[in-house]
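Structure assessment
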Amino acid sequence: MADDKLHEKLADYAEDAHAMEQNDLKMLDSMISTTDDPQVREMIEHHKGETEEHEQRLRERLEAMGRGTSTRKQAQAVGAALLKGVGDQARGDKAGKNARDGYMAEHLEIAAYQLLERLAQKAGDTETAEVARQNRADEEEMARRIDASWDRTLELTLEENGLRV
Ligand SMILES: [Fe+2]
Ligand SMILES: [Fe+2]
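Since the structure is predicted, the reported quantities are computational estimates derived from the model, not experimental observations. (Residues numbered from 1 in each chain as written. Chains lettered and ligands numbered in written order. Predicted model: local features only at pLDDT ≥ 70, side-chain atom pairs only at ≥ 80, totals over all residues. Heavy atoms only, no water.)

**Focus on the overall build of the protein chain**
Helix and strand counts for the protein chain come out as seven helices and zero strands. Secondary structure elements of the protein chain occur, N-terminal to C-terminal, as α-α-α-α-α-α-α. Residues classed as buried in the protein chain amount to 43% of the 165 residues present. A sequence separation of at least 24 residues applies to 78% of the contacts in the protein chain between residues at least 6 apart. Within the structure as shown, the protein chain displays about 9100 Å² of accessible surface, and the carbon and sulfur contribution to it stands at 51%. (Helix = DSSP H or I, 4+ residues; strand = E, 2+ residues; numbered from the N terminus. Buried < 20%, exposed > 50% of the residue type's maximum accessible area, 1.4 Å probe, protein only. Contact = heavy atoms within 4.5 Å. Areas by Shrake-Rupley, 256 points an atom, 1.4 Å probe, with all protein chains shown as cover.)

**Observations regarding the coordination of the iron ion (ligand 1)**
Donor atoms from the polypeptide that coordinate the iron ion (ligand 1) comprise Glu 21 (OE), Glu 21 (OE), His 54 (ND1), Glu 109 (OE) and Glu 139 (OE), at 2.1 to 2.4 Å from the metal. For the iron ion (ligand 1), the single-chain donor residues occur in sequence as E-x32-H-x54-E-x29-E. Taken as an interatomic distance, the gap from the iron ion (ligand 1) to the iron ion (ligand 2) is 3.5 Å; Glu 109 donates to each of them. With His 54 in helix α2 (residues 38–64) and Glu 139 in helix α6 (residues 126–147), the pair connects residues that are 85 residues apart, well separated along the chain. The residues His 54 and Glu 139 share a single accessibility class, namely buried. (Donors = N, O, S within 2.8 Å, 3.2 Å for Na, K, Ca; no water.)

**Some thoughts on the layout of surface pockets**
Empty space among the atoms can be located by rolling a probe the size of a water molecule over them. Volume-wise, the largest pocket comes out at about 500 Å³. As for the largest pocket, its lining consists of 26 residues, and the residues nearest its centre are Thr 35, Asp 37, Val 40, Ala 95 and Leu 156. When residues of the lining of the largest pocket are traced back to their parent elements, those giving at least two are α1 (2–33), α2, α5 (94–122), α6 and α7 (150–160). Ranked by the residues each element gives to the lining of the largest pocket, the list is headed by α5, at six residues. Looking at the lining of the largest pocket, its residues break down into eleven nonpolar, seven polar and eight charged. (1 Å grid on protein atoms, 1.4 Å probe; cavity = no way out; pocket = protein on both sides within 12 Å on 5 of 7 lines; lining within 4 Å. Points joined across faces, edges and corners; volume = space filled by probe spheres on them. Nonpolar A, V, L, I, M, F, W, Y, C, P; charged D, E, K, R; others polar.)

Okay, structure coming up:
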């Protein structure tokens, strides 16, 4: 019985992670549409491809667990601030805001996958643990890429504001 509850909890976590990836896809689309710099755009588009894989891997695990992939949780999964940087858009600081929101979103994903992996291991679900590990590796790489680009991000932000320093 405790086992059943553990599996149910695991399915809940996988569902949340799946909703998180769906939200991230929207966020990445919004970032792509507000990014002119070719290098930054390439970085975001590359991660969008990975994010589609994350979503698909989780969908397959949810199906294996007998859970559909309802969009029920989608709206509540990630704070509104992460979705679009709502309210920030008008201020002409998109490069900086996108990088900040992206950095935050990647770390949210990393934390979610750390927990999902461990919960899956406890429940004896090695396949879900592996998906969590694979997805997390991409999030960590993306976080590293954003982390390596703060100087460029500031430069782009200043350019957006007509401030050349
Ligand atoms: Fe992801
Ligand atoms: Fe990500």
